[in-house]
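Per-entry structural report
Each chain, written out:
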Amino acid sequence: MSGKLRLGVLASGGGTNLQAIIDRIQDGSLNAEIVLVLSNKPTAGALQRGRRAGIPVCCIEQQDYPDRPACDRAMVAVLREARVELVILAGFMRLLSAQFLDAFPHRILNIHPALLPAFPGLNAQQQALQHGARLSGCTVHFVDSGVDTGPIVLQAAVPVLENDSVETLSQRILRQEHRIYPEAIRLFAEGRLRILDRRVTIVRPAENPEEVLINPPVA
Ligand code: GRF
């Protein structure tokens, strides 16, 4: 793919995933550009991280709109204005309406702090602890109309330790989030993701003869 993939990052919280993406862009391992950081919380740390990196930021609060579709229309408008090609949900704590999803078909990614389909929804780390899971982790997935139900792109597992608290487990999972989210975006940017039904296939890079040699296709 020529040119840089234009990312719009939606975040409500501290923004460590946003930061990981900024860092991978800055160190040259992710050929993409964050053209907008959008939050629904004016105090979100993600907005500060965006500003610090010189990225345009914007806050759209639900309370300023009569209903959710109206608020979502405003978000779609700013993302379109910024010519966003891929929407990245990075701790965006608000469900998106069908109108929003329809505006970016197969072009919205989310990261969830559990191995989906286990423990969807809120407080995934606490759910894993309470359930007594031995493994948890994180999942990057395309967003569909369900809660954390969309096609899975990448996952990483971590152990759940006997003495874990929500905090210690969250930190262990976050380290993996920061690794696989930029990686999933890179695969998308390179045009290497295919979705069939709900299964995502990662195809070989189109223009990398070395990889074809190492990994020849089965005739
Ligand atoms: C992460 O745990 C992510 O999986 C979840 O929200 C959290 C966001 O953390 N969706 P941060 O704001 O990126 O630090």
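Whatever comes next refers back to the structure up there.
Fair warning: this is a prediction, and the values are worked out from it, not measured in the lab. (Residues numbered from 1 in each chain as written. Predicted model: local features only at pLDDT ≥ 70, side-chain atom pairs only at ≥ 80, totals over all residues. Heavy atoms only, no water.)

1. Concerning the site of the ligand
What surrounds the ligand is the set Gly13, Gly14, Gly15, Thr16, Asn17, Gly91, Ile111, His112, Pro113 and Glu177. Within the contact set of the ligand, an oxygen atom lies 2.8 Å away from a backbone nitrogen or oxygen of Gly15. Here an oxygen atom of the ligand and a side-chain polar atom of Glu177 are 2.8 Å apart. In isolation the ligand offers 370 Å² of accessible surface; the protein chains occlude 82% of this area. (Near = heavy atom within 4 Å. Polar contact = N/O pair within 3.5 Å; in protein donor to acceptor, adjacent residues only side chain to side chain. Areas by Shrake-Rupley, 256 points an atom, 1.4 Å probe, with all protein chains shown as cover.)

2. Observations concerning the pairing of strand S8 (residues 193–196)
In the sheet, S8 pairs with strand S9 (residues 199–202) via four bridges, with the strands oriented antiparallel. Counted as the bridge partner of Leu196 is Arg199 from S9. The turn linking S8 back onto S9 is made up of two residues, and Asp197 within it adopts a positive phi angle of 50°. (Pairing = 2+ DSSP bridges. Helix = DSSP H or I, 4+ residues; strand = E, 2+ residues; numbered from the N terminus.)

3. Describing the pattern of salt bridges
The final tally for this structure, using the stated rule, is seven salt bridges. We note a salt bridge from Arg24 to Asp27, for which the minimum N-O separation is 2.8 Å. Linked by salt bridges that have partners in common, Glu183, Arg186, Glu190 and Arg192 make up one network. (Salt bridge = Lys/Arg side-chain N within 4 Å of Asp/Glu carboxyl O.)

4. Description of unusual backbone geometry
Negative phi characterises most residues that are not glycine, and trans characterises most peptide bonds. The peptide bond linking Leu116 to Pro117 adopts the cis configuration, its omega dihedral lying at 10°. When you line up the elements, Pro117 lands in the loop between strand S5 (108–112) and helix H5 (124–131). In this structure, Asn123 takes a positive phi of about 55° despite not being glycine. Inspection of the secondary structure puts Asn123 in the loop between S5 and H5. The phi dihedral of Asp148 is positive, around 60°, even though this residue is not glycine. With relative accessibility at 15%, the residue Asp148 sits in the buried group. (Buried < 20%, exposed > 50% of the residue type's maximum accessible area, 1.4 Å probe, protein only.)

5. Let's talk about the pairing of strand S4 (residues 86–89)
Taking every second residue as pointing to the same face, both faces of S4 are buried, with Leu86 and Ile88 on one and Val87 and Leu89 on the other. Bridge count between strand S1 (residues 5–10) and S4: four bridges; the pairing is parallel. Across the sheet, the residue bridging to Gly8 is Val87, located in S4. Here S4 pairs with S5 via three bridges, running parallel. Within S5, the residue paired with Leu89 across the bridge is Asn110. Read from S4 through helix H4 (residues 98–103) to S5, the crossover connection turns out right-handed. (Right-handed = clockwise from strand over helix to strand, strands pointing away.)

6. A short note on the nonpolar core
If you look at the biggest cluster of nonpolar residues, it comprises 44 residues, and the most contacted ones within it are Leu7, Ile34, Ile88, Leu109, Val153, Tyr181 and Ile185. Examining the composition of this core, we find that nine residues originate from one element, helix H6 (residues 166–189), more than from any other. Apart from the residues within four sequence positions on either side, Leu109 is in contact with Leu86, Val87, Ile88, Leu89, Val140, His141, Phe142, Val143, Val153, Tyr181 and Ile185. Membership of the second largest hydrophobic core comes to 22 residues, among which are Val35, Leu36, Leu38 and Ile60. (Core = buried A, V, L, I, M, F, W, Y, C linked by side-chain atoms within 4.5 Å. Contact = heavy atoms within 4.5 Å.)

7. Focus on helix H3 (residues 68–81)
The end-to-end C-alpha distance of H3, which contains 14 residues, comes to 20 Å, matching closely the 20 Å that a straight helix rising 1.5 Å per residue would cover. Every buried residue of H3 is accounted for by Ala70, Cys71, Asp72, Ala74, Met75, Val76 and Leu79. At its buried positions, H3 is contacted by S1, strand S2 (32–39), S4 and H4. Sitting at the head of H3, Asp67 places a side-chain oxygen 3.0 Å from the backbone nitrogen of Ala70. Downstream of H3 by one or two residues, Arg83 has phi in the positive range, about 55°. (Expected span 1.5 Å × (residues − 1).)

8. Some thoughts on the environment of Val9
With respect to the helices, strands and loops of the structure, Val9 is situated in strand S1. A sequence separation of 30 residues divides Val9 from Ser39, and the C-alpha atoms of the two residues are 8.4 Å apart. Excluding anything up to four places from it in sequence, Val9 contacts Leu18, Ile34, Leu36, Val37, Leu38, Ile88 and Ala90.

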